[in-house]
Amino acid sequence: MTAIKYPIFLFLFLSSCVFSQDREDQQDVYAFTSADINFLKNFSLSNLSPIPQAPSNNIADSIEAARLGRALFFDSRLSKNGKVACASCHAPKKYFTDGLALSEGLGKTQRSAPSLLGVAWSPWQYWDGRKDSLWSQALGPIEHPNEMAMDRSGFVRKVLSLYRQEYEYVFGKIEDYRTIKKLPKKASPIGDKRSQKRWHKLSSYQQDQVNRAFSNIGKVLMSYQRQLKLPASRFDDFIDAMQEKNDQGYRSILSESEVHGLRLFMGKANCFSCHNGPLFTNFEFHNIGAPESDEAKVDLGRYQGVLDLVKDEFTCLSKWSDAKESECEEMTYLKKSGPELVGAFKTPTLRNIAATAPYMQSGQFKDLKEVLAHYNLPKPPFYDREQHPNRPHFDILPLKLNDKELENIIAFLSTLTSPFPQDDYWWNPEISDSQILSGN
Amino acid sequence: MIFKVNYNVLALCLSLTFFSTVVSAVPSKQSNNLFNHANNLLDKANLAEKKSSEEIVSANKIRKELNKLRSKVRKAKDSSERNNLTKQADNLASQLKNLQDSGSKLREENKHLFKQSLEVFEEAIVERWGKKIRNRKPVSMDSETTSFISHNTRFRSVHPNMLNKMGTPTDNINPENVNKEMSLLVPALAGQNAPPDLDISSFQISRKQQYFAHIEVVSTTQQGEVLAPLNEIHKWHLILSNLSGEPIENANVEIIGHMPGHVHGLPTEPRVTEEVEPGVYKVEGVKFQMKGWWVMQFNVTDEKASSKDDSVVFNLVF
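We now turn to the structure provided with this report. Here the structure is a predicted model, which means the values were calculated and not measured.

Definitions and cut-offs
- For every chain, the first residue of its written sequence is number 1, and the numbers climb from 1 along that sequence.
- For this description, chains carry letters from A and ligands carry numbers from 1, given in the order in which they are written.
- Owing to the predicted nature of the model, reporting of local features is limited to residues with pLDDT of at least 70; listing and counting of side-chain atom pairs is limited to 80 or more, with chain, interface and lining totals taken over all residues.
- Side-chain calculation: all heavy atoms of the structure are included, whereas hydrogens and water are not.
- Salt-bridge detection follows one rule: a side-chain nitrogen of Lys or Arg within 4 Å of a carboxyl oxygen of Asp or Glu.
- Numbered from the N terminus, helices here are DSSP runs of H or I no shorter than four residues, and strands are runs of E no shorter than two.
- Note on classification: 1.4 Å probe, protein chains only; a residue is buried when its accessible area is under 20% of the maximum for its type, exposed when over 50%, partly exposed between these limits.
- Buried Ala, Val, Leu, Ile, Met, Phe, Trp, Tyr and Cys residues that are joined via side-chain atoms within 4.5 Å together make up what is termed a nonpolar core.
- The contact criterion used throughout is that any non-hydrogen atoms of two residues lie within 4.5 Å.
- Defined by distance alone, a disulfide is two cysteine sulfur atoms within 2.5 Å.
- By definition, two strands form a pair when at least two bridges between them are found by DSSP.
- Only the stretch in contact is used when fitting a helix axis, every axis being a line fitted to C-alpha atoms; angles between N-to-C directions are given from 0 to 180 degrees.
- Each pair of aromatic rings taken from Phe, Tyr and Trp, with Trp reduced to its six-membered ring, is defined by centres within 6.5 Å and is described as stacked if the planes are under 30 degrees apart, edge-to-face if over 60, and tilted in the remaining cases.
- Put simply, a charge is over a ring when the Lys NZ or the Arg CZ is close to the ring centre, within 6 Å, and near the line of the ring normal, within 35 degrees.

1. Regarding the pattern of salt bridges
Residues and elements named next belong to chain A. Applying the stated criterion across every chain, the model contains 29 salt bridges over all chains. D208 is the salt-bridge partner of K319, the closest N and O atoms lying 2.7 Å from each other. Residue K319 is located in the loop between α13 (302-311) and α14 (329-332), and its partner D208 is located in helix α9 (residues 204-226); the two are separated by 111 residues in the primary sequence. Exposure remark for K319: the relative accessible area of 54% places this residue in the exposed category.

2. Let's talk about the nonpolar core
Residues and elements named next belong to chain A. Counting residues in each nonpolar core, the largest one holds 58 residues, and the members touching the most others are L72, F73, F96, F155 and L160. If you list the elements that add at least two residues to this core, you get α3 (63-73), α4 (86-89), α5 (134-143), α6 (152-171), α7 (177-181) and α9. Take this core: its biggest share by element is eight residues, from α9. Residues in contact with F155, not counting those within four places in the same chain, are L78, I142, M150, F214 and I217. In this structure, M266, V371, L413 and L416 belong to the second largest nonpolar core, which totals 47 residues.

3. Comments concerning the state of the cysteines
All names here are of chain A. Tallied over the entire structure, the rule returns one disulfide over all chains. At a sulfur-sulfur separation of 2.0 Å, the disulfide partner of C316 is C328. Across the S-S bond of C316 and C328 the torsion is about -75°, and the bridge reads as left-handed. Remark: C328 occurs in the loop between α13 and α14 and C316 occurs in the loop between α13 and α14; sequence separation between them is twelve residues. Taking relative accessible area as the criterion, C316 reaches 11% and is therefore assigned buried. The buried category is assigned to C328, whose relative accessible area is 2%. Sulfur of C86: no disulfide; nearest cysteine sulfur belongs to C89 and is 9.0 Å away. On the basis of relative accessible area, C86 is assigned to the buried category, the value being 19%.

4. Things to note about the sheet that holds strand β3 (residues 234-242) of chain B
Adjacent strands of a sheet form backbone hydrogen bonds with each other and so pair up, either parallel or antiparallel. Residue and element names in this part refer to chain B. Sheet architecture is open: five strands sit in the order β1-β2-β3-β7-β6, paired in antiparallel fashion. Edge positions in the open sheet fall to β1 (203-205) and β6 (271-277), since each of these has one partner strand only. The mean inter-strand angle of the sheet, taken between neighbouring strand axes irrespective of direction, is 25°. On the sheet, helix α3 (residues 79-129) packs against β1, β2 (211-217), β3 and β7 (280-286) and is oriented at approximately 120° with respect to β1.

5. Focus: the packing of aromatic side chains
Residue and element names in this part refer to chain A. This model, assessed by the stated rule, comprises 31 aromatic pairs over all chains. Taken together, F73, F74, Y95, F96, Y224, F420, Y425, W426 and W427 form an aromatic cluster joined through their ring pairs. Above the ring of Y177, the side-chain terminus of R164 is found at 3.9 Å from the ring centroid. In this arrangement the basic side chain of K219 is found over the ring face of W135, its NZ or CZ atom lying 5.0 Å from the centre.

Purely geometric stuff here, so don't read any function into it on its own.
Below, the structure is given as structure tokens:
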């Protein structure tokens, strides 16, 4: 008898859940079913998968390499005018962004600096994915005329004169330091015409010495970035408390408006569709029709990123990579064509999003209200026959939410901000190396 | 006389020994029979299809004549002419009905026979390729995947003036696809509306009926599971046979994958990297960045084929 009754009871219970789905008038916004809780745990940092393997960088997880990387990351002496470091555009206090629409080094760049938190999980770097590893990415800004504006040979000379001991500790003794010392200050295969000319005058042995050290420097910068851990935010505390069935506990962590926002984020607003997993991103490329910052010079996004990748001299498949060819599957099977590449940009993480305005690849939206307004009634991508290879793909649907709902989503997004970890050696440049040595 | 019989027995014994040990890869009698049977069914199916088309063409001709006659009836000057024409029209109408009935009956017969023939081809190819076919089930995805980093909803390309006609992400969710145990209505988990009668078999015949093909995920897990992973590059085997069960060797295979509901393709460019054994191709670089309905098309160019631009299409629903 009981065996029959039970399923009926269960059915009634389940059907009542269906009818209350996501309704704004739901009586208890905190009432999550065990299936909800099981689903939501996928978003907590405590459920983040281990950091992905990095076969192209043998020292990816070496602490010594990361320490050297940290020193280089904050060292502005390594730029042309002595004033720009990686940290200038990726400031820890701003969650490794700079708060600018277009980042500035020696000049103004075309894009806004993305946060570095969680980037180790991404198969592609830059907004357009023009680099296939963090070490290769790190090399880009060093030589970019509007960022650190260094020439490859001069940069290598400078780093090795300042950090020779640390470098040799990680990579072993430099066998022919004399070659490095004698290098011209300004020689680079991608610099101005004179730099390029000087570069081509170097012997292939000299060029190899420079490229080896240059890629190694990228690798220590990558090792540093892999050490950056995200501290749990209020959202993580909420989800973790729910897992523990700590009924009263989790209710006090997020406000009603924030929980409404959470329900909208996963439900009606469908933000979850791309911003998913503990890092709130799928690391894929999408065109959401964000306005062009310059319609006379459209940004082709991933389409251009793929063209750059194919020509890049520091990919996983290159001589400077530590990986076997079979370990470079993303590059080997790189998607090179398709309308969906045009104007597509990498889904950014929403971790710390409320603290990292402005938004989009070139800071087109100044605050989250503007971002949400775009998603609520988006304009399809700008299209210009002359400049675009084809009509860009469009990846979003209008949300048609009311003002209250939009406010709730913004409230929810603020729960993803991690507290600044004052005592974390990797986050805080003010902690000296000697302190970490005694701490260890 | 006695000697002759002995020779025959000896020859039979020898050929049996030879058959079973030296050339075990040669199609068995069983598989040959199955291929013959499958081909017979396919021929019948095609014949039914041909007849059905012919009948529908004739039916269309008759319909035109009938329309002409009916207009003549309306214009007829006197009742005898009208009666006469009406009789002719009624006669044609019944012919039309007969043809339409028989045409649709033949079409049903074709569908039935075609389905049957595919089933027998599958049996035949399994018999013929034995060990290479490890999974006969449709290609499916690990649903327990924890790193569900994927986007999964009906996105599409639009023209600017379409925008106001577009629904919201939750507007078109099929209630059957919703997890009823959840209070959260998550559109991205509701999947795509793949047609209910979609053929998702991992065994398919090519468009021009030159090849019969099978796909399966090459297992990378220790448990020997054959599930496609989400967001991970993985390998497949593609088995290509002609309709008599002979392997298609040295074929040039182009792979195109897309999601009908999203108007986008695969995130990678998979390709054939090796012919592991005659007719068995290793496909590397396959990756799915989301669940839902995928279509994988293999364009096959084979030197020996009579028609060079043939393709095999598989539907996958994750």
